[in-house]
Amino acid sequence: MNVQPSASEPAAAAAVAVPEAAPALDTAGRKDPGPGKGAALAPIVLVVAGGLSVQFGSAVAALLMPKAGALGVVTLRLAAAALILLVVCRPKLRGHSRADWGTVVAFGVAMGGMNTLFYQALDRIPLGIAVTLEVLGPLALSVFASRRLINVVWAGLALVGVVLLGGGGFDRLDPVGAAYALGAGAMWAAYIVFSARTGRRFPQADGLALAMVVAAVLSLPLGIWESGAKLTVPSTLALGAAVAVLSSVLPYTLELMALRRLPASTFAVMMSLEPAIAATAGFLILNQALSTTDALAIALVIGASMGAVRSQTGARRKG
C-alpha cells in the first residue's frame, strides 16, 4: 500500500502518487454492482473532512506561532505525530535493507523540509496564498512526469495565477515568504516521489511512521534553538498536539479510508480544491481576507491542477 500524501496535497500530487482503484469482484468473478448512493458519497465526505482538517490545523498552527515560533510549531507537530504513529503502527525495525532505510530517511528529510519551509511561509504570507504557491511543486512534477503538450498549457495557466498573486511584484506578498512557499512546493514534489517508494518497501503505514520520526529528529534542534523552554509550556504542548492530529494523523487516516473505495482520479480532482479550503480557513480563523485578484489567481491554479490531473488520467486510460 502506498503511503499517501497529506490532505493538503493537490490534484497533481495525487495523480503521481495514487494508483488507480481496481473494481471489486464478487466470489463468482463478476463485477460487484457496488454500494448505494449513500455509501458512494461516504469516501467523498472523508476526503473533504481530511482537507478541512489539515487546513484548519494549519490555521491553528498560525495562532500558535506567536507562542512557539514557526520552527517550534514544526517541531511540536512532527514530534507529536511521530509519537502517535509509532504507538498506532508499531513498525518493525528489523528485516529492512540498506536501500529501504535510505528511502525512508529521504522521505523523512523531504517531509521535514516541506513542513519547515511551509510554516516559515505561513509566518509571513496568508494561508490561502501559501498553499497556492506550494501547489506549484506537485503540479510541476505532474507536468514533467506526463510530458504531454496539454499539461504545458495547464502549467502556463498556473503561472498566470502566480503572476496575479504577485501583483506584478512579489514584494506585495513578502518575497521571503513567497520563496519559502515555493521551496515547500519543491520539497512537496520530493515528498510525493519518496512517499510512493516508501509505500512499496514498507507494509501498511510503517514507512510513514519511521519517516515521521526522521523528520521530527531533524526538526528538534531547530525548534529548541528558536523556542527553547517555550515548547514545554503545557498550553503550547496541547495546541501542538492538536495541530499534529488535525494536520497529520487525522487526514492520513481519512484519506486511507477513502482511497479503499474512491477512484484515484476523483480523489485527485477533489484535492485540487485545497487552496480554496485554505483560503476559507485563513478567513474564518485568521481574518485573512483575499482580494478579488487573489481569489482569481487561486481559482486559476486550482483549474490548472484539475486540468493536469484529468488530462493525465485520460492519457492513462487511452494507453
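Residues numbered from 1 in each chain as written. Predicted model: local features only at pLDDT ≥ 70, side-chain atom pairs only at ≥ 80, totals over all residues. Heavy atoms only, no water.

(A) Region of interest: helix 7 (residues 206–227). An ideal rise of 1.5 Å per residue puts 32 Å on 22 residues; helix 7 measures up with 30 Å between its terminal C-alpha atoms. Largest kink in helix 7: about 35 degrees, centred on S219, with the proline P221 one to four residues after it. For helix 7, every residue scored as buried is listed here: D206, G207, L208, A209, L210, A211, M212, A215, A216, S219, G223 and S227. Downstream of helix 7 by one or two residues, G228 has phi in the positive range, about 55 degrees. (Helix = DSSP H or I, 4+ residues; strand = E, 2+ residues; numbered from the N terminus. Expected span 1.5 Å × (residues − 1). Bend = angle between axes of the 7 residues up to and from the residue. Buried < 20%, exposed > 50% of the residue type's maximum accessible area, 1.4 Å probe, protein only.)

(B) Representation of a nonpolar patch on the surface within the structure. Residues L83, V87 and V88 make up a contiguous nonpolar surface patch of about 310 Å² in total accessible area. Mapped onto the secondary structure, V88 falls in helix 2 (residues 37–89). (Patch = residues over 30% accessible without salt bridge, like charges linked within 9 Å, V, L, I, M, F, W, Y side chains within 5 Å. Areas by Shrake-Rupley, 256 points an atom, 1.4 Å probe, with all protein chains shown as cover. Salt bridge = Lys/Arg side-chain N within 4 Å of Asp/Glu carboxyl O.)

(C) A look at the packing of aromatic side chains. Tallying each qualifying case throughout the model produces three aromatic pairs. Ring centres of W101 and F202 lie 6.4 Å apart, and the angle between their planes is 70 degrees; this geometry places the pair in the edge-to-face category. Here F202 lies in the loop between helix 6 (175–201) and helix 7 and W101 lies in helix 3 (residues 98–122), a separation of 101 residues in the sequence. Residue W101 is classed as partly exposed on the basis of its relative accessible area, which comes to 30%. Taking the relative accessible area as the measure of exposure, F202 reaches 3% and is therefore buried. Each ring, one from F107 and one from Y191, has its centre 5.1 Å from the other, and the planes form 55 degrees; the classification is tilted. In this pair, F107 sits in helix 3 while Y191 sits in helix 6, placing the two residues 84 residues apart along the sequence. For the pair shown, F107 and Y191 are each scored as buried. Note that R197 overlies the ring of F194, its terminal NZ or CZ placed 5.3 Å from the centroid. (Phe/Tyr/Trp six-rings, centres within 6.5 Å; stacked < 30°, edge-to-face > 60°. Lys NZ or Arg CZ within 6 Å of the ring centre and 35° of its normal.)

(D) Spotlight on the pattern of salt bridges. The tally for this structure, following the rule as stated, stands at one salt bridge. For the salt bridge of R201 with D100, the shortest nitrogen-to-oxygen distance reads 2.7 Å. Highlighted residues: R201 in helix 6 and D100 in helix 3, separated in sequence by 101 residues. A relative accessible area of 39% places R201 in the partly exposed class. Overall, D100 belongs to the buried group, its relative accessible area being 11%.

(E) Region of interest: the environment of S235. Inspection of the secondary structure assignment puts S235 in helix 8 (residues 234–258). Take S235: its relative accessible area is 39%, and that puts it in the partly exposed class. Spatially, the C-alpha atom of S235 lies 9.9 Å from that of L64, the residues being 171 residues apart in sequence.

(F) Representation of the nonpolar core in the model. Core analysis: the biggest nonpolar cluster contains 65 residues, and Y119, Y191 and M212 have the highest contact counts within it. Ranked by the residues each element gives to this core, the list is headed by helix 2, at 16 residues. With residues near it in sequence (within four places) discarded, M212 still touches L78, A81, A82, L85, M111, S248 and Y252. (Core = buried A, V, L, I, M, F, W, Y, C linked by side-chain atoms within 4.5 Å. Contact = heavy atoms within 4.5 Å.)

(G) Examining the environment of I129 more closely. With respect to the helices and strands, I129 occurs in helix 4 (residues 127–146). We classify I129 as buried; its relative accessible area is 1%. On a C-alpha basis, the gap between I129 and A178 in space is 8.6 Å, while along the polypeptide they are 49 residues apart.

(H) Examining the packing of helix 3 against helix 7 more closely. Two numbers describe how helix 3 lies on helix 7: the axes approach to 7 Å, and their chain directions differ by 55 degrees. Accordingly, the angle class assigned to the pair helix 3 and helix 7 is oblique. Here helix 3 and helix 7 pass one another in a crossing that is right-handed. In this structure, helix 3 uses W101, V104, V105, F107, G108, V109, M111 and G112 to contact helix 7, whose residues at the interface are G207, L208, L210, A211, M212, V214, A215 and L218. Taken together, the residues of the contact of helix 3 with helix 7 break down into 13 nonpolar, three polar and no charged. (Axes fitted to C-alpha atoms, helices over the stretch in contact; angles between N-to-C directions. Parallel < 35°, antiparallel > 145°, perpendicular 65-115°, else oblique. Left-handed = near helix turned anticlockwise from the far one by under 90°. Nonpolar A, V, L, I, M, F, W, Y, C, P; charged D, E, K, R; others polar.)

So far we have only geometry, and geometry alone does not tell us how the molecule works.
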